[in-house]
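Here is what each chain is made of, one letter per residue.
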Amino acid sequence: MISKTLAGKTSFVGLRLPQTFLFLLFLGSLGFGALFFLPETSRLKRIFQHNSDNSAVITDSMNGQSAQPSSPIGLIGAARFDIGVLRIQSQLSSSNGKQTNNNKESQGTISMEHTSEGDAADDKVHTRGVVVSIRARSPVRVKLRNCMLKPPYGANYGKPSDPESLQRREKVKEMMKFAWDNYKRYAWGENELRPLSKNGNDGRTFGGLRGASIVDSLDTLYIMGLGEEYQEAKEWVENNLNFNVGGEASLFEVNIRYVGGLLSAYYLTGEEVFKRKVVELGKNLLPAFNTPTGIPHGVVNLAGDSRRWSGGDLGRSSVLAEFGTLHLEFVHLSELTNDPIYTEKVMNIRKHLNQLDKPRGLYPNALNPVSGNWEQHYVSIGALGDSFYEYLIKSYLMSDRTDEVAKRMYYAALEAIENNLVQRSPGGLIYVAEWRGGILDHRMGHLACFSGGMIGIGAEHGSPETRQHQLDLAANITHTCHESYRRTPTKLGPEVFRFDDGAEATAPRVNERHYILRPEVVESYMYMWRLTHDPKYREWGWEALEALEQHCRLATGFSGIIDVYGHIIQHDNLQQSFFLAETLKYLYLLFSDDDLLPLKDWVFNTEAHPLPVIPRNCSQERGHRPNWTH
Ligand code: DMJ
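Positions within a chain are numbered from 1, following the residues in the order the chain's sequence is written. In keeping with the predicted nature of the model, local features appear solely for residues at pLDDT of at least 70, side-chain atom pairs appear and are counted solely at 80 or more, and the whole-chain, interface and lining totals rest on all residues. Note that water and hydrogens are dropped before the side-chain values are worked out from all heavy atoms of the structure.

In the nomenclature of an unreviewed UniProt entry, the protein corresponds to alpha-1,2-Mannosidase from the organism Oncorhynchus kisutch. Listed under Pathway (unreviewed entry) in UniProt, the entry text for the protein is "Protein modification; protein glycosylation." UniProt positions are given in the numbering used here, feature names are shortened, and annotations may be inferred rather than shown by experiment. Recorded under Subcellular location (unreviewed entry), the UniProt text for the protein is reproduced unchanged: "Endomembrane system".

So this is what it looks like as structure tokens:
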């Protein structure tokens, strides 16, 4: 049974910004299908045609052509999708094929199937697992030669070579299907599944938007090869996702889950419906920026109005982790629309923060969007601060390492964090404390555990002298977060763990002992695995998975639990959408080979939605690469 208190608490803490949002939670899932392709925009194509294996495509397409870009190709035929083998065939035709040399009216069939076998037929090209057969040449490929990314799947969908990892990965996939099936059965179209009451929640965070779990799950279903489920999800988006809702939504939550989820789905699949939807949604978010400083309000009315968030103890403030977690998605909105307005909005935030005085170099969590000044001096790398730091380093990486301002801000912020917040416990555990106007609070939230992965991915891009030190720091924080799990009887970690009054990575306070299916700890395991290949990270991930199965799996879906130290398990009745978007995706990637969504080509937004790195040549070619300096 879930108590009222618990239900209330769960809603309240379901996010990294607990005081700010009383809403939350959705869940979802979607089924998968396959893909692609040949969208009319160039963005997509570069994702599938990139690496050196692919050069045959480029050469082939160049032969006999004048390299004049043609008009966009439109998808006019049907896409066929076989689940299991992931096969797609799309009938394509040029909507306006210009003739150059021996170019014919561009028309033909492109078929792609996942395979690891070679085939040297003239009209086929193998791109590390994807066979592209081209019956008629498409001039678009020429246009895209400098705008290519590696395909997301690598050689074989990231299939691990060792049988144990493969088996574990299959288990994660089974969990995803189970979570999805139950969402579908009891809460279809709602934001999240409530597995005990067998219904859905309304997700007030989203201002009336529905289907949060569906949008959040699209890419997870897709990369796992759950084709039928992906198709269901896509159809729901196509027919039911409606932005004309008029309620008050969290700009942050809508951005990371809906904008991020739709962008990823588009970049992975090439389905135009996702682009259409995300562009429509992006426009609806712009009124939030109508403030004297351009620092957005936390809440936006999707029907066109915005106002300051007036609830909670932050009063009129805008929250660092909210307005600082827009950059990746908004830059991609500009990429997709060719409209610089989205990039301008987030660059303005960046500029404002860069020029503000910062206490000891730290970024406080709350800012007044009217005066543009800090409202208090609380600093946290967990709740209310977290993903701001994450988006600095990821902005740099997503810009193909050209966004030097983001890079400088990230490393300066990390230095301030190290100098002021990073601590060693009496028992030798490294943790990141919180800071309240100069006084340390020796606590670390589960949310802050993402920082192991973040510091890890940043390590190799800093100065060579700090590289090993930062990698060690990342490993130490990840170790501490693992300890917060290991020291509980359930082997799941609490919402907050402390290092005071004799506590060492434990949660003495009853109201801090819940676990709501959060991803941050397994997220850091995944990054640290990719960076070090130390097998302990896979073992730790497996421990977490077994604990999830044992304590959070019900007959009707997954649920968070109220007390990770309890011997009798009580459930919170919520399958959070981020469980499908993040927790299960990171576990799946942990047991996959590294070439499934390789980190040099893809950057995960804070809700684990992969966004492609924007190659520097690509944007220059299009003439509107953002100017990162200011
Ligand atoms: C997710 O929505 C995102 O990871 C966000 O950045 C923080 N909160 C949840 C997961 O805990």
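Draft legend 1. Structural context of the pattern of salt bridges. In the sections that follow, a salt bridge refers to a side-chain nitrogen of Lys or Arg positioned within 4 Å of a carboxyl oxygen of Asp or Glu. For the coordinates displayed, the defined rule picks out 32 salt bridges. Between R436 and E434 there is a salt bridge, with the nearest N and O atoms lying 3.2 Å from each other. The partner of R443 in a salt bridge is E434, and the shortest N-O contact between them spans 2.9 Å. Think of it in three bands: residues with accessible area under 20% of the maximum for their type are buried, residues over 50% are exposed, and the middle band is partly exposed, with areas taken using a 1.4 Å probe on protein chains only. On the basis of relative accessibility, which here comes to 15%, the residue R443 falls in the buried class.

Draft legend 2. Highlighting the UniProt feature "active site" (unreviewed entry) in the protein. With numbering matched to this structure, UniProt assigns "active site" (unreviewed entry) to E253, D386, E495 and E520. Strands are runs of DSSP state E lasting at least two residues, helices are runs of H or I lasting at least four, and both sets are numbered from the N terminus onward. Secondary-structure assignment places E253 in helix α8 (residues 251–269). Within the secondary structure layout, E520 lies in helix α17 (residues 520–532). Take E520: its relative accessible area is 3%, and that puts it in the buried class.

Draft legend 3. Quick look at the packing of helix α7 (residues 227–240) against helix α9 (residues 272–285). Where α7 contacts α9, the axes come no closer than 10 Å and their chain directions differ by 40°. In this view, α7 runs oblique relative to α9, as classed from their interaxial angle. Between α7 and α9 lies a crossing whose hand is left-handed. For the pair α7 and α9, contact is made by Y230, K234, V237 and E238 and by V273, F274, R276 and K277, respectively. Lys, Arg, Asp and Glu make up the charged group, whereas Ala, Val, Leu, Ile, Met, Phe, Trp, Tyr, Cys and Pro make up the nonpolar group; the residues left over, Gly among them, are polar. Of the residues that constitute the contact of α7 with α9, the class distribution is four nonpolar, no polar and four charged. Each axis is a line fitted through C-alpha atoms, and for a helix only the stretch in contact is used; angles between axes span 0 to 180 degrees, taken between their N-to-C directions. Angles are sorted into four bins: roughly parallel if under 35 degrees, roughly antiparallel if over 145, roughly perpendicular if 65 to 115, and oblique for all others. Crossing handedness: left-handed means the near helix sits turned counterclockwise from the far one by under a right angle, and right-handed means the same turn made clockwise. Here, two residues are considered to be in contact whenever any of their heavy atoms come within 4.5 Å of each other.

Draft legend 4. The site of the ligand, seen in detail. Neighbouring the ligand are 11 residues; R518, E520, E582, T606 and E607 lie closest to it. At a separation of 3.4 Å, an oxygen atom of the ligand approaches a polar side-chain atom of R257. Throughout this description, a polar contact denotes any pair of N or O atoms lying within 3.5 Å of each other; where both atoms belong to protein, one of them has to be capable of donating a hydrogen while the other can accept it, and for residues adjacent in sequence the pair is counted only when both atoms sit in side chains. A distance of 2.5 Å is found between an oxygen atom of the ligand and a side-chain nitrogen or oxygen belonging to E607. Here the Shrake-Rupley method, with its probe set to 1.4 Å, supplies the accessible areas, and only the displayed protein chains count as covering residues. About the coverage of the ligand: the protein hides 100% of its 290 Å² of free accessible area. Of all the secondary-structure elements, those providing two or more residues to the shell around the ligand are α8 and α19 (577–590). For the shell around the ligand, the residue count by class is four nonpolar, one polar and six charged. For this description, a residue counts as near a given molecule or strand if any of its non-hydrogen atoms is within 4 Å of it.

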